[in-house]
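Secondary and tertiary structure notes
Here is what each chain is made of, one letter per residue.
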Amino acid sequence: MNFFARLYYWLRKAWKAVALYLVIAGPGLVVMVADNDAGGITTYAATGAKYGYHLIWFLLLLIPVAYYVQEMTVRLGAVTKRGHAEAIFDGFGAFWGWFSLLDLMIVDWLTLVTEFVGMTAALAIFGMPPWATVIAVIVLMMVIVLNGRYWTFEKLALLFCALNLVYIPGAFLVHPSMKAVLHDGLIPNFAGGFNGQLFFFLMANIGTTIAPWMLFFQQSAVVDKGMQEKDIPWGRFDTLLGSIITVVVAIFIVVVTGTVLPGVDITSAAQASQQLMGTNRWVGTFLAIGLFDAGLLGAICISLASSWAFGEIFGWAHSLNTKIREAPWFYATYLLMLATAGAIVLIPKAPLVLITLFVQVVAVTLLPAALVFLILLLNDEATMGERRNTLVQNLIGGGIVVSIIILSTLYGITVLFPGYFQ
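The structure reproduced in this document is the subject of the present report.

Cut-offs used in this document
Residues numbered from 1 in each chain as written. Predicted model: local features only at pLDDT ≥ 70, side-chain atom pairs only at ≥ 80, totals over all residues. Heavy atoms only, no water. 1 Å grid on protein atoms, 1.4 Å probe; cavity = no way out; pocket = protein on both sides within 12 Å on 5 of 7 lines; lining within 4 Å. Points joined across faces, edges and corners; volume = space filled by probe spheres on them. Helix = DSSP H or I, 4+ residues; strand = E, 2+ residues; numbered from the N terminus. Nonpolar A, V, L, I, M, F, W, Y, C, P; charged D, E, K, R; others polar. Axes fitted to C-alpha atoms, helices over the stretch in contact; angles between N-to-C directions. Parallel < 35°, antiparallel > 145°, perpendicular 65-115°, else oblique. Left-handed = near helix turned anticlockwise from the far one by under 90°. Disulfide = S-S within 2.5 Å. Buried < 20%, exposed > 50% of the residue type's maximum accessible area, 1.4 Å probe, protein only. Contact = heavy atoms within 4.5 Å. Phe/Tyr/Trp six-rings, centres within 6.5 Å; stacked < 30°, edge-to-face > 60°. Core = buried A, V, L, I, M, F, W, Y, C linked by side-chain atoms within 4.5 Å. Salt bridge = Lys/Arg side-chain N within 4 Å of Asp/Glu carboxyl O.

The computed volume of the largest pocket comes to approximately 350 Å³. As for the largest pocket, its lining consists of 15 residues, of which Phe-58, Val-65, Ile-206, Ser-403 and Ile-404 are closest to the centre. Top contributing element to the lining of the largest pocket by residue count: helix H19 (residues 391-416), with eight residues. Its residues placed into classes, the lining of the largest pocket shows 13 nonpolar, two polar and no charged. One number sums up the size of the second largest pocket: a volume of about 280 Å³. The wall of the second largest pocket is formed by 15 residues, among which Met-178, Val-181, Ile-251, Phe-252 and Val-255 lie closest to the centre. Of all elements in the fold, only helix H4 (56-80), helix H9 (167-173), helix H10 (178-186) and helix H13 (232-260) reach the threshold of two or more residues within the lining of the second largest pocket. When residues in the lining of the second largest pocket are grouped by element, the largest group, five residues, is from H10. Here the residues of the lining of the second largest pocket sort into 13 nonpolar, two polar and no charged.

Our focus in this paragraph is empty space enclosed by the protein. Where empty space is left in the structure can be found by rolling a water-sized probe over the atoms. Under the defined criterion, the tally for this structure stands at six cavities of 30 Å³ or more. Taken as a whole, the largest cavity encloses approximately 70 Å³ of empty space. Along the walls of the largest cavity sit Phe-99, Ser-100, Asp-103, Leu-104, Val-107, Pro-212, Phe-216, Leu-366, Ala-369, Ala-370 and Phe-373, which together make up its complete lining. Looking at the lining of the largest cavity, the elements with two or more residues in it are helix H6 (94-124), helix H12 (212-225) and helix H17 (352-378). Among the elements that make up the lining of the largest cavity, the one with the highest residue count is H6 (five residues). Split into classes, the residues belonging to the lining of the largest cavity amount to nine nonpolar, one polar and one charged.

Two elements in contact, H6 and helix H15 (residues 281-314), have axes separated by 8 Å at closest approach and are oriented at 155 degrees. Classified by the angle between their axes, H6 and H15 sit roughly antiparallel to one another. The element H6 and its partner H15 pack so that their crossing is left-handed. When grouped by side-chain class, the residues that make up the contact of H6 with H15 number 20 nonpolar, six polar and two charged.

Glancing now at the state of the cysteines. Applying the stated criterion across every chain, the model contains zero disulfides. There is no disulfide at Cys-161, and the cysteine sulfur nearest it, in Cys-301, is 7.2 Å away.

The backbone of Lys-81 shows a phi angle near 60 degrees, a positive value even though the residue is not glycine. Turning to its location among the elements, Lys-81 is positioned in the loop between H4 and helix H5 (84-92). One non-glycine residue, His-175, lies in positive phi territory at about 50 degrees.

Along the polypeptide, Ser-303 turns up in helix H15. Residue classification places Ser-303 among the buried residues on the basis of a relative accessible area of 0%. Not counting residues within four places of it along the chain, the set of residues in contact with Ser-303 comprises Leu-112, Met-141, Tyr-334, Met-337 and Leu-338.

A separate point is the packing of aromatic side chains. This model, assessed by the stated rule, comprises 18 aromatic pairs. A centroid spacing of 5.0 Å and a plane angle of 85 degrees characterise the contact between Phe-95 and Trp-96, whose relative ring orientation is edge-to-face. Aromatic ring contacts, followed pair by pair, group Phe-89, Trp-98, Phe-310, Phe-314, Trp-316 and Trp-329 into a single cluster.

The next subject is the environment of Gly-83. Relative to the elements of secondary structure, Gly-83 occurs in the loop between H4 and H5. Classification of Gly-83 as buried rests on a relative accessible area of 4%. In sequence terms Gly-83 and Ala-221 are 138 residues apart; their C-alpha atoms lie 8.1 Å from each other. If we skip the residues at most four places from it in the chain, Gly-83 touches Gln-219, Ser-220, Val-223 and Glu-312.

Let us now look at the nonpolar core. Counting 132 residues, the largest nonpolar core has Phe-116, Phe-153, Trp-213, Phe-217, Ile-300, Leu-304 and Leu-320 as the members making the most contacts within it. In terms of residues, this core owes the most to one element, H15, which gives 18 residues.

Looking at the element boundaries, Gln-218 is found in helix H12. Taking relative accessible area as the criterion, Gln-218 reaches 1% and is therefore assigned buried.

In this section: the pattern of salt bridges. Under the defined criterion, the tally for this structure stands at six salt bridges. For Glu-71, the salt bridge identified is with Arg-75, shortest N-O distance 2.6 Å. With a gap of four residues between them, Glu-71 and Arg-75 both fall in helix H4, about one helical turn apart. Neither Glu-71 nor Arg-75 differs from the other in exposure class; each is buried. The closest approach of N and O atoms between Arg-388 and Glu-381, which form a salt bridge, is 3.8 Å. Owing to a relative accessible area of 33%, Arg-388 belongs among the partly exposed residues under this scheme. Among the charged side chains, a salt-bridge network with shared partners connects Glu-71, Arg-75 and Arg-236.

Any link to function would need more than the numbers given here.
Put into structure tokens, the structure is as follows:
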């Protein structure tokens, strides 16, 4: 009897914990899965085709990197009740505040263009013209955010996150050799040796897993959701789960193209999808559907990150819990970002593939500055109190910054001196 009583209370306690997490869940999952955006899908597909399974180990290293970076925004948002842009302005003054905001806007807008590139290319496979895709997407995205409730937006975003898992069954359909995946993927190696192309792909994979807009989005989402300091442990778990899911999905994409399209030069996920349809129609279809979903989710989050940041700086109402008449400039900024980025995709002969590939590298090049601001804010004892960074967290954060700077430097050397590492 005692056993069943203990089991009942344990199950009841477990259910309460799950129910509490479901209330808190959202910002971490959404921001991490949204970072598997259209540009990210292209990057992973190209990585698998170029290097097979050989860089899977590198992707696994990005799980703790992504977690430690984004976990800091959870604490900062829950403690200060301020978005990231506002926190930088208050902490470092107008000069550095505008510097970080301009960095954000440049990367956000370029990345938003890549989301429209991915969405138009994905639906073009099914016969939908680009102009129709752009209009339909803008209308859909406005409807999603104009409901006047953060909760509704978040639940819709989580639905799109679930659709991102479509790549997993696709990987099983191509029947990869598990022995080869484990042997080639888990043993650290640099297939093809050190060269500019390798550094480019490593930087692109970092840039599509950690990006400056993610810092701004998650911290603002934590504030808009109304998370408190007591919710930080659940926010951390939410972020860790999101980090794991985003990398797992990336690995499955690498496995698909590494199995079916080894040695093929992939310039876009849409191209990979079309080529996969010639081998397995279902796998190609999954990749196309996932590409559209990734672009849509990424576009929503990136536009919101920019709108939240502008609202914080200019003092506009900037919450998804407000109606359009209460926060006109917040929603106008959101629409302007979408309309201008979508228009670029419709320009004849625009270098869309080149933009998609290099945006990831631009993002990771600008990332160290954003991370330095974040780490300094987390070390402000007057603001953060007992929630400030520990020595271990500072060492991890500093190590991430230094690693990215070294990788960026090596890539720059290979561009200036192509034969240096040969």
